[in-house]
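Below, each chain spelled out in residue letters.
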Amino acid sequence: MSRKKVLSLVLSLMMIFSIVTPTFAAELSDVEGTQYAEAVDRLVALGIMTGFNDGTFKPEQDITRAEFAAMAIRAIGLDATAKSSGGATKFPDVAANQWYSGYINLATAKGIIKGHGDGTFKPTDKVTYGEAITMLVRVLGYEPAVEGTNWPSNYLLKGAEIGITGNLQFNQSKPALRGDVAILINNSLDIDLMERVKYGDDLEFEEQKGETLLSEYLNVFEYDEVVVAETPAYSLTDLDNDEVVVKLSEEDGGKEYTFTVNDKLAIDQFLGYEATIFVKDLDNDGKLEDDETVLYVGVTTDKKDIIEWDYIVDIQGGVGLDIGKDDIEVSLDEADDTFKLADNAVVYYNYERVSNLERMASSEKGVGYGYLGEVAGRVILNDDDEIVFMDQRNYDDPVVVTSVNVDDEKVKYFRDSENESTLRLDGETYVIMKNDEMASLEDLDKDDVLYFWEAEGGEYVLAAYNGKITGELESIDADSNKYWDYSLVVDGKTIYVGPNFTYSLDENDEVTLLGTPEDDVPSANLTDLEDMVGTEVTVYLGKYQDATDGWNYGRHIVNGVGSSEDIPLMVTEAPWVSRTASTEYYIEFVNANNEEVAYELTEDDTEFNGALKELDKAADLTEVQSLLTPGTLVDVEFNSDGSVASIDVLDGTQSGTVADTGLTQADIDDDYDIIEIDGKGYYVTEDTAIYDQKFLEATDWNSLEDISGDFDVVAKVDDNELEALVVIHDGDVSLGKSDYGLVLKRTVKSDGLYVTMAIEDQAVELYAGDLSNKNDLKEGKLFIITISGNEIDKATPVAKESFNAVNPSKLTTAAFNNASIAVTSDVYGDVDFVTNEVSSDTMELYVDANADGKFTDGIDNVLVGKLVKQDFAVTSGYDVTFTWDKLEIVSSGVDAKNGVIEVMAAGGDEDVDPTFFINVDRYGADSYYYDIDISHLADPAKKILKLSDLSDGDILNVYNDPTTSKTIYEFIVVVDR
């Protein structure tokens, strides 16, 4: 088997196991690849649901009644109407100025949602599964068909019958999760509506076949088995950047239409795939026409029908190889099979849609597979194993860009020597791609590997790639002396010699062609390559660097040249002069590994912010020193000898950088490793460098929770990911390793206090003897701790979470006695209150007339309300809020499957007192359970529980991260069993 065949086999196997079909809304990171993905994609495209600013959807989060009312109204196409219907409502707890007032007005007017028996709406209450399904049954018009009066069972049965619930598993009385709601609404989109067909005394309702929410309310056409036939990158400028050509299925007529696209769609990624699409009927005439707007594309192509990457080894057919006329067969290398080309196949060659395969089959260099067999790409098969789509390109003649003149529209390059050639584009029609994405001439750079072709219509197509590998050339390997058998190992990566492979020993002053593919490599050239072993080299890669994860074709290798990619570092010491044996210039940085490193600066050959400075001139040195002060984030580029080639300051004003001030913990999302900077969420990855400017050191992501006040940031970003982040704060301690710890046991030893803490699901003994607040470390208390080794540097107590009930109609003595009580006024404004305990079961509330914080008989004589055992009365205009932080699990209150615990005030009566729901992580990764009941103190490790260990009647305290707004409780502590 040839080397190319072996490489092809490896590449293809890698492709088979890594095929990822394109998706509509991959930016919603927490639903991609989950059971929610399709539903969320469709609803986001239709504007019925949206994601959050941090790029997530939060499928495990609850939904309020007001939010669901808005979704229901959007599902019937009345979003704009609702926004203009805001104002006064019939519900006293729905203020006219709330964003949801218009939605609630419309939803109640249409009978989709109703208020409560006490006349309120309770907009912020969590909507249950039973309520959500009931509202969707009403939205679809099926309420007249609901039988029986046992709600919500009667609506749930109807919802299951017509397909709303599908296979979704849920508890009807539990709060509905966003992801599940997306599935329920998505299921509803394609259900036939029920409408009234007879009026008067003889009412009659019937299902309307083919009439759905999509067609009747949202004015959206839905088509299945559509093929995305042409996109902007593959149209040779015939399509605008917001256009697409789709081909309907034969069942729907097989016609091609040109549509505009939703601005959220990266439409080029869908080329060739079979899909389901949503098309907005812009003029509402019920006719599919050109220039309508595609809102959604959902790929339906079976992955087994996709050959992601393979080489063409043979094409056979008629004289003209015309698609649809000649019987054409295409043989593929790795597939080791021959496939018939379907009569209706869509074929692209070098980004151009073609009607025949004549050029693809040519033996001319740079034209067809017959020269070197370097025509490869993606193939899609139909159910009959016929090729219905091909996207192929010729990779046998790559060149290397030496310069780009944007004004004159010229690109200079070398092919097989240092001698330059010029591609003149002035006056020509051309399309430019960079790393397989649409680009412009300004995006081409020196040292890019470039392929270019002239299309049948005379247009030029330029495809450039900037992949490079820099490192030590470790070895040169070959099974024989044949050109195709050679490979290089650079920085642990194997790189095979590709077409037109060249090398340079002198910074590209002289370039030599390694050899010709048909012949042995000349011995002199092989000697040159062997001389490069052990040196630092840079290899320019062709197309294959993205697709092969380390199995790369090389185009050119050079040593003694080239700086590394920019590395973000933080300055720890401004440039200084060393005058020992000679005058030398240095600068010191800290890197992401918290290592302080000093580098030499060349006297007159280092660029600072793009300009060369002569450091032996006092003015230039002073300017550079003022530019590079300690704590400054910079991009540093190094020469191959380790000296600094350039330093660029990053302060938020440059492209690819951002800065923001006044951030708080609310801007940090630990769940998804996101920080919001200047209104946009950026992901922190394992490669992100994080620096603490005040203490001039590198830190980590978790340490940011140590910041107690506001802070500023400067960051280097790549799209929506952080490459580097400098944190600017006024804290007294450096940002170290922080975590949450619950004290399980205190032990005093000869050298001081030790505490055994539960940190997540581990019991860890830590030294606390040097803490000023060590006496606060009581058993059963939760702290945010900063740790160095096994010593606690800082411990900040975390407050217990509390739960509220406003004006409950009944309240038992135990619940009353365990509550803290607050009274608020909607009538009298800001008034202070004091309490007068009449008996153990009765309390009176008075206006604190002299604002002294205590009840004084004869002065505080305005009685606001009286609370008596199981009842209370309050004068008009006041609300009484009861708050509990010690909770008791009610009967069957632990729902491990859905991650919900139902609780009430400790000691209360679940048939009388209000109950509450605690949402926990049902998968166990983000919620932790501890037992601090004194009867279980013997072994601290046994005090760490699982959700399933909790029992009815357990008395709890619950805690949450105070710096975030997460709805999942992280720490559940059993204080009495």
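None of the values given here were measured: they were computed from a predicted structure.

Novice: Could you give an account of unusual backbone geometry, naming the residues involved and the relevant values?
Specialist: A cis amide bond links W151 with the next residue in sequence, P152, at an omega value of 5 degrees. By secondary structure assignment, the location of P152 is in the loop between α6 (129-139) and α7 (153-162). Even without being glycine, D673 reaches a positive phi, approximately 55 degrees.

Novice: How would you sum up the sheet that holds strand β54 (residues 900-905)? Please name residues and give values.
Specialist: Ordered in space as β55-β54-β53-β58-β59-β56-β57, the 7 strands form an open sheet in which the pairing is mixed. With one partner strand each, in any of the chains shown, β55 (915-919) and β57 (944-945) form the two edges of the open sheet. Relative to β57, strand β56 (residues 928-931) runs antiparallel, the two being bridged by 2 bridges. Residue pairing for β57: Y930 is matched across the bridge by I944.

Novice: Requested: an account of helix α3 (residues 65-75), with residues and values cited.
Specialist: Among the 11 residues of α3, 9 are classified as buried, and the element is accordingly described as predominantly covered. Three or more residues of α3 are buried, namely R65, A66, F68, A69, A70, M71, A72, I73 and A75. One or two residues past the end of α3 sits G77, with phi positive at roughly 75 degrees.

Novice: Give me the lowdown on the environment of N262, citing residues and values where you can.
Specialist: Looking at where N262 falls in the secondary structure, it is placed in the loop between β5 (256-261) and β6 (274-280). When its relative accessible area of 13% is taken as the criterion, N262 is described as buried. Once the C-alpha coordinates of N262 and A45 are considered, the two residues, 217 residues apart in sequence, prove to be 8.1 Å apart. Those residues in contact with N262 that lie beyond four places of it in its chain are A45, T293, V294 and L295.

Novice: Report on the packing of aromatic side chains, specifying residues and quantitative values.
Specialist: The geometry of two aromatic rings is summed up by the distance between their centres and the angle between their planes. In this structure the tally under the stated criterion is 26 aromatic pairs. Centre to centre, the rings of Y257 and F259 are 5.6 Å apart; their planes meet at 5 degrees, and the pair counts as stacked. Ring centres of Y351 and W453 lie 6.4 Å apart, and the angle between their planes is 45 degrees; this geometry places the pair in the tilted category. In this pair, Y351 is assigned in the loop between β10 (337-349) and β11 (352-354) and W453 in strand β19 (residues 449-454), connecting sequence segments 102 residues apart.

Each value, and the rule that gives it
- Residues numbered from 1 in each chain as written.
- Predicted model: local features only at pLDDT ≥ 70, side-chain atom pairs only at ≥ 80, totals over all residues.
- Heavy atoms only, no water.
- Helix = DSSP H or I, 4+ residues; strand = E, 2+ residues; numbered from the N terminus.
- Pairing = 2+ DSSP bridges.
- Buried < 20%, exposed > 50% of the residue type's maximum accessible area, 1.4 Å probe, protein only.
- Contact = heavy atoms within 4.5 Å.
- Phe/Tyr/Trp six-rings, centres within 6.5 Å; stacked < 30°, edge-to-face > 60°.

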